[in-house]
Amino acid sequence: MQAGVITIFPEIFSTITRFGTIRKAIESNLFEFKSFDIRDYASDRRRTVDARPYGGGPGMILMPEPLAACIDYAKQSVGGPVIFLTPRGERFDQKMAEELAQVPKFTLVCGRYEGIDERIIKTRVDQEVSIGDYVISGGEFAALVLLDAVVRLLPGVLGNKESAHQDSFSNGMLEGPHYTRPEKFEGLDVPRVLLSGNHQEIKKWRHQQALDWTRKRRPDLEGNYNQYR
Ligand code: ADE
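Overview of the structure. (Residues numbered from 1 in each chain as written. Predicted model: local features only at pLDDT ≥ 70, side-chain atom pairs only at ≥ 80, totals over all residues. Heavy atoms only, no water.)

## What to know about the side chain of Ser-130
The criterion, for reference: The secondary structure listing takes helices from DSSP runs of H or I that are at least 4 residues long and strands from runs of E that are at least 2 residues long, numbered from the N terminus. Any two residues whose heavy atoms approach within 4.5 Å are treated as being in contact.
Checked against the element boundaries, Ser-130 lands in strand 8 (residues 127-130). Discounting residues that sit within four places of it in the chain, Ser-130 has contacts with Thr-86, Pro-87, Gly-89, Glu-90, Arg-91 and Phe-92.

## Some remarks on the site of the ligand
For clarity, the threshold we go by: One heavy atom within 4 Å of a molecule or strand makes the whole residue count as near it. The term polar contact refers here to a pair of N or O atoms within 3.5 Å; inside protein, the definition further demands a hydrogen-donor-capable atom paired with an acceptor-capable atom, and it admits residues adjacent in sequence only when both atoms are side-chain atoms. The accessible surface values rely on the Shrake-Rupley method and a 1.4 Å probe; as for residues, cover is taken only from the protein chains in view. Throughout, the ten residues Ala, Val, Leu, Ile, Met, Phe, Trp, Tyr, Cys and Pro are labelled nonpolar, Asp, Glu, Lys and Arg are labelled charged, and all others, Gly among them, are labelled polar.
What surrounds the ligand is the set Leu-85, Thr-86, Pro-87, Val-129, Ser-130, Ile-131, Gly-132, Tyr-134, Val-135, Ile-136, Gly-138 and Ala-142. Here a nitrogen atom of the ligand sits 2.8 Å away from a polar atom, N or O, in the main chain of Tyr-134. Between a nitrogen atom of the ligand and a main-chain N or O atom of Ile-136, the distance comes to 3.2 Å. Here the ligand, which alone exposes 260 Å², has 96% of that area covered by the protein. The greatest single-element share of the shell around the ligand, amounting to three residues, is contributed by strand 5 (residues 82-91). Class assignment of the residues belonging to the shell around the ligand gives a composition of eight nonpolar, four polar and no charged.

## Quick notes on the sheet that holds strand 7 (residues 115-116)
Let me state the cut-off plainly: Only strands that DSSP links by at least two bridges are regarded as paired with each other.
Ordered in space as 3-4-7, the three strands form an open sheet in which the pairing is mixed. Edge strands, defined here as strands with exactly one partner in the open sheet, are strand 3 (50-51) and strand 7. Two elements, strand 3 and strand 4 (residues 61-62), share two bridges in a ladder whose sense is antiparallel. Bridged to Asp-50 within strand 4 is Leu-62.

## Overview of the pattern of salt bridges
Going by this rule: Salt bridges are identified by distance alone: a Lys or Arg side-chain nitrogen within 4 Å of an Asp or Glu carboxyl oxygen. Only protein chains enter the accessibility calculation, which uses a 1.4 Å probe; a residue whose area is less than 20% of its type maximum is buried, one above 50% is exposed, and one in between is partly exposed.
Going through the model one piece at a time under the given rule, you end up with 15 salt bridges. For Asp-72, the salt bridge goes to Arg-124, with nearest N and O atoms at 2.8 Å. Here Arg-124 lies in helix 4 (residues 118-124) and Asp-72 lies in helix 2 (residues 64-77), a separation of 52 residues in the sequence. Residue Asp-72 is classed as partly exposed on the basis of its relative accessible area, which comes to 33%. Across the pair Asp-133 and Arg-91 runs a salt bridge whose closest N-O atoms are separated by 2.6 Å. Taken together, the positions of Asp-133 in the loop between strand 8 and helix 5 (139-151) and Arg-91 in strand 5 put the pair 42 residues apart, joining distant regions of the chain. Of the residues examined, Asp-133 reaches a relative accessible area of 66% and is grouped as exposed.

Here's what the structure looks like:
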């Protein structure tokens with residue numbers, strides 16, 4: 001998989017190549033990442049990329065020309081669909097992560113300030129994606145969230161092949177509790193069934209825990225459960 005990111009803060013993305021899952025994916029040649037700095041496509045000496053909104057209002061808007069030139073370059077270099085991160089986009093979830101994990105190339109556009117010129121969306125954006133119903137100050141952290149969620153699903157990235165399937169949401173439910181050593185911690189015991197060695201019983205117990213937890217915390221997920229995964 002190859003992903004491009006269009007941003008005015010390429011340094012933010014230097015972290016993903018250095019840590020954890022994404023680093024591992026890059027080192028194993030399962031994932032390639034390129035960032036593109038919108039300011040490199042500005043036409044003035046001050047590298048201006050934003051301007052006041054027509055019609056007035058607060059904040060600054062990313063101007064169309066440098067952004068268009070940057071997207072066009074990234075499309076040549078990486079290719080694939082162009083995804084704009086914005087709170088007004090379609091909501092990102094595990095299902096979308098799984099779908100994107102099948103897309104070999106895509107380019108993410110990170111907005112800053114109050115937004116980007118609508119004509120960019122019209123001419124160059126294929127999909128608008130939001131990571132949730134809240135506003136952060138730009139698309140960069142949203143892009144990091146999306147990339148992490150997608151890259152960890154690529155075959156071969158996670159050590160244990162099973163572990164992505166057992167995640168919260170991958171079967172439509174939240175995950176149940178986990179325990180490790182020691183058996184007793186501050187007076188609290190590990191549930192006996194987990195020490196029983198009876199894998200059938202353990203599986204049943206975990207499923208029930210996940211079900212109870214999901215019903216309590218996220219009743220809105222009812223109906224999504226896939227009992228057989
Ligand atoms: N940019 C600002 N807020 C965002 C959000 N919730 N999702 C994606 N991009 C954003």
